[in-house]
Amino acid sequence: MKVNQKWNMPDLKAAKQRTKKQVTIEKSLFNIPSEVKNIGVGRKYYLRTYGCQANERDGETIAGILEELQFEPTTNYEEADLILLNTCAVRKNAEDKVLGELGHLKYLRQKNPDLLFGLCGCMAQEEDVVDTIIKKYKHVDLVFGTHNIHRLPVLLYQAMMSKERTIEVFSKEGEVIENLPVKRFGTHKAWVNIMYGCDKFCTYCIVPYTRGKERSRQVEDILDEVKVLIKDGFKEITLLGQNVNSYGKDLQVEGGFAYLLEEVAKTGIERIRFTTSHPWDFSDEMIDVIAKYDNIMPFIHLPVQSGSDSMLKIMGRRYTSEQYLTLFNKLKEKVKGAAFSTDIIVGFPNETDEQFQDTLKLVDHCKFDNSFTFIYSPRVGTPAAAMEDNVPMDVKEQRLQELMKHTNHWAKVNNESYKGKIVKVLVDGPSKKNKDVYSGYTPQNKLVNFTGENIQSGTIVDVEIIEAKSFSLDGKAIKVD
Ligand code: 5AD
Ligand code: SF4
């Protein structure tokens, strides 16, 4: 790709680099120059976030920055002065949705010539996407990458004042930037980043390229954030990282994630969740801590991706199906009553029917409570995208359907076991359609819709389960804690 001198363009080769350089922790990198301070006065922003929880959390930082610049939020893009799409690159269909949305929203420019369009998140880190934006989406004024969020005030100012496109995407290992503004979207549940990036380089995955190297926040910074959340009335936090098991390795934190998790548990916050755990380096110490503390929720997301050893090897997953099952069984035994979810990819290049059958066998053994199932999507720049593929799309689609029959079956069977039981539900709020129906989640992360009267969001309520569906439970409230 031609390098444009004006812009900082994404560079997948640079993004792939991993050095031994110590990561810097930046505590005062974010600042708002005086001329930029009030650029949002009288202006509204519409922010839409796609993809994973890391992106959701970035969205909260972006909203925090925009509101420090005096922008006001709107959920109606027709009245927005800034439309910002915070994007996901993990599969092509996610990208197509964003490009479709950008095309669809273009007409708004005619109504409001000063309207700014921006694109950020993982798609901004991809060379081919930014190339397409430059050539075919001329109305997009601002593109910035996942390493450039702290630069938003200056970039926005440039885009607004110069009336020229502003593109700034750093492709680097990344640092840890503390003290960025945040606007929490939840009132009782919050995301807490414990680390950024990924060094696993599974052969199908773009994330290590879009999010840089694995780098941890310091224990004290994480605990300080949790303490503020407790003070602000938050009941549940989810500790976030592409692979939380690697937490602290770069900082030589003794005890790694097990130590951090225990320290977080000791803060006394009501509910703790964490995601994602790679099956490869899930330590026994971690299992013990999860089992020991009542405020660490008995719910484990453990992506398996495939049940075939040869496939796992080509995917670069670093474990065999047997090692996965050993870990799974150990967790099941030690963390009483735990629920499990997983991610599975079908139709990886040259996947044979036998390999696919191995995946079904593993699913039938583990009986996951919830499974996220995907057809493999080639990502430019990853090793798998360069592999020839002899599996036709209709076979991949059939496999996905077949797999979903199994995963949905087990989801329903697991949910059936809750019928007649009383569960503790952290209430999200009343349903939009019927204010006598509330919803919330159990410790095992089961979505429960239930009837009750005058129930407050953010409280924990005992609910008797009456009906089980594949993806939710129905019940009635018994008493409020
Ligand atoms: N194609 C399909 N699914 C993918 N995932 C990651 N990369 C791809 C890809 N190229 C899935 C994996 C991962 C989840 C977040 O997304 O299952 O665990
Ligand atoms: Fe992607 Fe693998 Fe890293 Fe997960 S562990 S983000 S699947 S490279």
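For the structure, see preceding data.
Since the structure is predicted, the reported quantities are computational estimates derived from the model, not experimental observations.

Criteria and cut-off values
Residues numbered from 1 in each chain as written. Chains lettered and ligands numbered in written order. Predicted model: local features only at pLDDT ≥ 70, side-chain atom pairs only at ≥ 80, totals over all residues. Heavy atoms only, no water. Helix = DSSP H or I, 4+ residues; strand = E, 2+ residues; numbered from the N terminus. Buried < 20%, exposed > 50% of the residue type's maximum accessible area, 1.4 Å probe, protein only. Near = heavy atom within 4 Å. Nonpolar A, V, L, I, M, F, W, Y, C, P; charged D, E, K, R; others polar. Pairing = 2+ DSSP bridges. Right-handed = clockwise from strand over helix to strand, strands pointing away. Core = buried A, V, L, I, M, F, W, Y, C linked by side-chain atoms within 4.5 Å. Contact = heavy atoms within 4.5 Å. Axes fitted to C-alpha atoms, helices over the stretch in contact; angles between N-to-C directions. Parallel < 35°, antiparallel > 145°, perpendicular 65-115°, else oblique. Left-handed = near helix turned anticlockwise from the far one by under 90°. Lys, Arg positive; Asp, Glu negative; His and termini not counted. Salt bridge = Lys/Arg side-chain N within 4 Å of Asp/Glu carboxyl O. Polar contact = N/O pair within 3.5 Å; in protein donor to acceptor, adjacent residues only side chain to side chain. Arc of directions from axis to C-beta. Areas by Shrake-Rupley, 256 points an atom, 1.4 Å probe, with all protein chains shown as cover. Expected span 1.5 Å × (residues − 1).

Draft legend 1. Here's a closer look at the environment of L99. Its location among the elements puts L99 in helix α3 (residues 92-105). Relative accessible area serves as the criterion here: at 18%, L99 is assigned to the buried category. Along the chain, L99 and L119 lie 20 residues apart, while their C-alpha atoms are 10.0 Å from each other.

Draft legend 2. View of the site of ligand 2. By nearness alone, every residue bordering ligand 2 is listed as C198, K200, F201, C202, Y204, C205, V207, P208, Q242, H278 and R317. Counted by class, the shell around ligand 2 contains seven nonpolar, two polar and two charged residues.

Draft legend 3. Molecular detail of the pairing of strand β12 (residues 236-240). Counting buried positions along β12 gives five out of five residues, so the element sits mostly inside the fold. Relative to β12, strand β9 (residues 189-193) is paired through five bridges, and the arrangement is parallel. Bridging across to β12, K189 finds its partner in E236. Looking at chain direction, β12 and strand β13 (residues 271-275) are connected through five bridges and run parallel. Note on β13: the bridge partner recorded for L239 is F274. In this region the chain leaves β12, passes through helix α9 (residues 256-266) and returns to the parallel neighbour β13; the handedness of that crossover is right-handed.

Draft legend 4. The nonpolar core, seen in detail. Counting 55 residues, the largest nonpolar core has I237, L239 and F257 as the members making the most contacts within it. It is α9 that contributes the most residues to this core, six residues altogether. When residues no more than four places from it in sequence are discounted, the contact partners of F257 are I194, L239, V244, N245, Y247, F274 and M286.

Draft legend 5. Fine view of the packing of helix α10 (residues 284-292) against helix α12 (residues 321-334). At a minimum axis distance of 10 Å, the contact between α10 and α12 shows a crossing angle of 25°. Of the possible angle classes, the one that applies to α10 and α12 is roughly parallel. As for the relative orientation of α10 and α12, their crossing is right-handed in sense. In contact with D284, I287, D288 and A291 of α10, α12 contributes L327, K330, L331 and K334. Residue composition of the contact of α10 with α12, grouped by class: four nonpolar, no polar and four charged.

Draft legend 6. Structural view of the side chain of R165. Summarising the element assignment, R165 is placed in the loop between α6 (152-162) and β7 (166-168). Although R165 is buried, it makes no salt bridge; D141 carries the closest opposite charge, 6.5 Å away. Here the side chain of R165 touches Y137 through a polar contact of 2.6 Å, landing on its backbone oxygen. With residues near it in sequence (within four places) discarded, R165 still touches W7, I133, I134, Y137, K138, H139, V140 and D141.

Draft legend 7. Region of the structure containing the environment of K476. In this fold, K476 is placed in strand β21 (residues 473-480). For K476, a relative accessible area of 40% translates into the label partly exposed. Taking the C-alpha atoms as reference points, K476 and L99, separated by 377 residues in sequence, lie 43 Å from one another. The contact partners of K476, leaving out residues within four places of it in the chain, are F450, T451, D462, V463, E464 and I466.

Draft legend 8. Here's a closer look at helix α5 (residues 127-136). All of the buried residues along α5 are V129, V130, I133 and I134. Projection of α5 onto a plane perpendicular to its axis shows the buried side chains occupying an angular sector of 135°, all on one side. Away from its buried face by more than 90 degrees, α5 exposes K135 and K136.

Draft legend 9. Representation of the site of ligand 1 in the model. The local shell around ligand 1 consists of V90, R91, Y204, Q305, D343, I345, F374, I375, Y376, S377 and R379. Contacts to ligand 1 include Q305, whose side-chain N or O atom sits 2.6 Å from an oxygen atom. A distance of 2.7 Å is found between a nitrogen atom of ligand 1 and a backbone nitrogen or oxygen belonging to S377. When ligand 1 is considered free in solution it has 410 Å² of accessible area, and contact with the protein chains removes 85% of it. Among the elements of the structure, β15 (339-346) and β16 (370-375) are those that each provide at least two residues to the shell around ligand 1. By residue class, the composition of the shell around ligand 1 is six nonpolar, two polar and three charged.

Draft legend 10. Just the pattern of salt bridges, in detail. For the structure on display, the rule yields 40 salt bridges. Here K183 ties to E67 by a salt bridge, and the two come within 3.0 Å at their closest N and O atoms. A residue pair is termed long-range when its members are at least 10 positions apart, and K183 in the loop between β8 (176-177) and β9 and E67 in helix α2 (residues 53-68) qualify at 116 residues. Residue K183 is classed as partly exposed on the basis of its relative accessible area, which comes to 27%. For K396, the salt bridge is made with D389, and the minimal N-O distance between the two is 2.5 Å. Classification of K396 by relative accessible area gives buried; the value is 4%. Its relative accessible area of 34% is what places D389 among the partly exposed residues. Each of E178, R184, R217 and E225 takes part in a single network of salt bridges with overlapping partners.

Draft legend 11. Structural detail: helix α13 (residues 353-366). Taking 1.5 Å per residue, 14 residues should reach 20 Å; α13 reaches 20 Å between its end C-alpha atoms and fits that length. Burial in α13 covers these residues: Q355, F356, T359, L360, L362, V363 and C366. End-on, the buried residues of α13 take up no more than an arc of 160°, which puts them together on one face. Along α13, exposed side chains directed more than 90 degrees from the buried face belong to E354 and K361. Buried positions along α13 lie against α11 (309-315), α12, β15 and α14 (393-416).

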